[in-house]
Amino acid sequence: IARGLHRPNGVAFKDGALYVAELSRILRYDNIEANLDSPPKPVMVYDKLPGDVPHGWKFIKIGPDNKLYVPVGAPCNICDPGAPDASILRMTADRSGREIFARGVRNSVGFDWSPTDGALWFTDNGSDMLDDDSPPDELNRVPRAAMHFGYPFCHGGDLPDPEFGARRTCGEFQPPAQKLGPHVAALGMRFYTGTMFPAEYRNQIFIAEHG
């Protein structure tokens, strides 16, 4: 399947179809399990994602609403790039209905939906080169579409950016549900819904940190 792809990143699977997110596009391979030896020609789901390499890795997942969710990282450390950069996009699998689901997201490479209330939760990697001990990376909750999480104006819910912070106040944005450590670089998160671990782990979040 990887032959012919340009920088394949995240994958998702639903109803027999494999979705592959590349740097600037999303492809779909229908009935893939029956055609592993000779994959079909992919269907183009969307081909207008920004092609910027910095923070260009595309995590992709299908939500409980059967829509595709894909983050678009900021193409820089700190800048104000404009939409759709620094966001999480949501779109239907038939190439229609694209929208910005969450704004002000510097670089998320992992999200999941709460098994208790259905809200989307995501990790966000904070800015480099401000300080060794700040800003904190973030765990955020998105109970509704179009919320703004502060980037590039505010970091960690209460730290104005030295360059862009004068434009907006931190109180205008949604603060993180949990501050993570500075530069921990969360690269994945999942709600635990199994039964193997003790009961207090049920419906809690596991986060993989790289930093």
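Shown above is the structure to which this text applies.
The rules behind these values
- Residues numbered from 1 in each chain as written.
- Predicted model: local features only at pLDDT ≥ 70, side-chain atom pairs only at ≥ 80, totals over all residues.
- Heavy atoms only, no water.
- 1 Å grid on protein atoms, 1.4 Å probe; cavity = no way out; pocket = protein on both sides within 12 Å on 5 of 7 lines; lining within 4 Å.
- Points joined across faces, edges and corners; volume = space filled by probe spheres on them.
- Nonpolar A, V, L, I, M, F, W, Y, C, P; charged D, E, K, R; others polar.
- Helix = DSSP H or I, 4+ residues; strand = E, 2+ residues; numbered from the N terminus.
- Contact = heavy atoms within 4.5 Å.
- Phe/Tyr/Trp six-rings, centres within 6.5 Å; stacked < 30°, edge-to-face > 60°.
- Buried < 20%, exposed > 50% of the residue type's maximum accessible area, 1.4 Å probe, protein only.
- Lys NZ or Arg CZ within 6 Å of the ring centre and 35° of its normal.
- Pairing = 2+ DSSP bridges.
- Axes fitted to C-alpha atoms, helices over the stretch in contact; angles between N-to-C directions.
- Lys, Arg positive; Asp, Glu negative; His and termini not counted.
- Salt bridge = Lys/Arg side-chain N within 4 Å of Asp/Glu carboxyl O.
- Polar contact = N/O pair within 3.5 Å; in protein donor to acceptor, adjacent residues only side chain to side chain.

J.: How do you make sense of the layout of surface pockets when you look at a structure like this?
T.: To find leftover empty space, one rolls a probe the size of a water molecule over the atoms. The space that makes up the largest pocket amounts to roughly 160 Å³. As for the largest pocket, its lining consists of 15 residues, and the residues nearest its centre are D80, D85, A86, G104 and H148. Its residues assigned to classes, the lining of the largest pocket shows 8 nonpolar, 4 polar and 3 charged.

J.: Looking at this structure, how should I read the environment of P42?
T.: In this fold, P42 is placed in the loop between β3 (26–29) and β4 (43–46). Placed 22 residues apart in sequence, P42 and V20 show a C-alpha to C-alpha distance of 9.4 Å. Each residue touching P42, except ones within four places of it in the same chain, is listed here: L27, R28 and Y29.

J.: Is there a simple way to think about the packing of aromatic side chains in this case?
T.: Geometrically, a pair of aromatic rings is defined through the distance of the ring centres and the angle of the planes. By the definition in use, this model includes 12 aromatic pairs. Between Y69 and F101, the ring centres sit 5.4 Å apart and the planes meet at 85°, which makes this aromatic pair edge-to-face. Taken as a pair, Y69 in strand β6 (residues 68–72) and F101 in strand β8 (residues 99–103) lie far apart in primary sequence, 32 residues in all. In this pair, the class of Y69 matches that of F101, namely buried. With a centroid separation of 5.8 Å and an interplanar angle of 85°, the aromatic rings of F111 and W113 are classed as edge-to-face. Relative accessible area serves as the criterion here: at 0%, F111 is assigned to the buried category. On the accessibility criterion, W113 (11% relative accessible area) is buried. Pairwise contacts between aromatic rings join F59, Y69, F101, F111 and W113 into one cluster. The residue whose ring lies beneath R168 is F153, and the NZ or CZ to ring-centre distance is 5.3 Å.

J.: I keep staring at the sheet that holds β4 and nothing clicks. Help me out?
T.: Across a sheet, strands are paired by hydrogen bonds formed along the backbone, either parallel or antiparallel in direction. The strand order β1-β2-β3-β4 describes an open sheet built from 4 strands, whose pairing is antiparallel. Among the strands making up the open sheet, the edge pair consists of β1 (11–14) and β4. Direction aside, neighbouring strands of the sheet carry axes that sit 25° apart on average.

J.: What is the right way to look at empty space enclosed by the protein in this model?
T.: Here the structure, examined in full by the defined rule, presents 2 cavities of 30 Å³ or more. Taken as a whole, the largest cavity spans an internal volume of roughly 80 Å³. Residue lining of the largest cavity: 14 residues in total, with R106, D124, G126, E138 and H155 positioned closest to the centre. Elements that contribute at least two residues to the lining of the largest cavity include exactly β11 (136–142) and β13 (154–155).

J.: Explanation requested: the side chain of D124 in the structure shown.
T.: Tracing the backbone through its elements, the reader meets D124 in strand β10 (residues 120–124). Buried within the structure, D124 lacks any salt-bridge partner; its nearest side chain of opposite charge belongs to R106, at an N-O separation of 6.1 Å. Of the polar contacts made by the side chain of D124, one reaches the backbone nitrogen of R106; its length is 3.1 Å. Of note is the side chain of D124, whose polar atom sits 2.7 Å from the backbone nitrogen of N107. Those residues within four positions of D124 in sequence are excluded, and the remaining contacts are G104, V105, R106, N107, S108, D137, E138 and N140.

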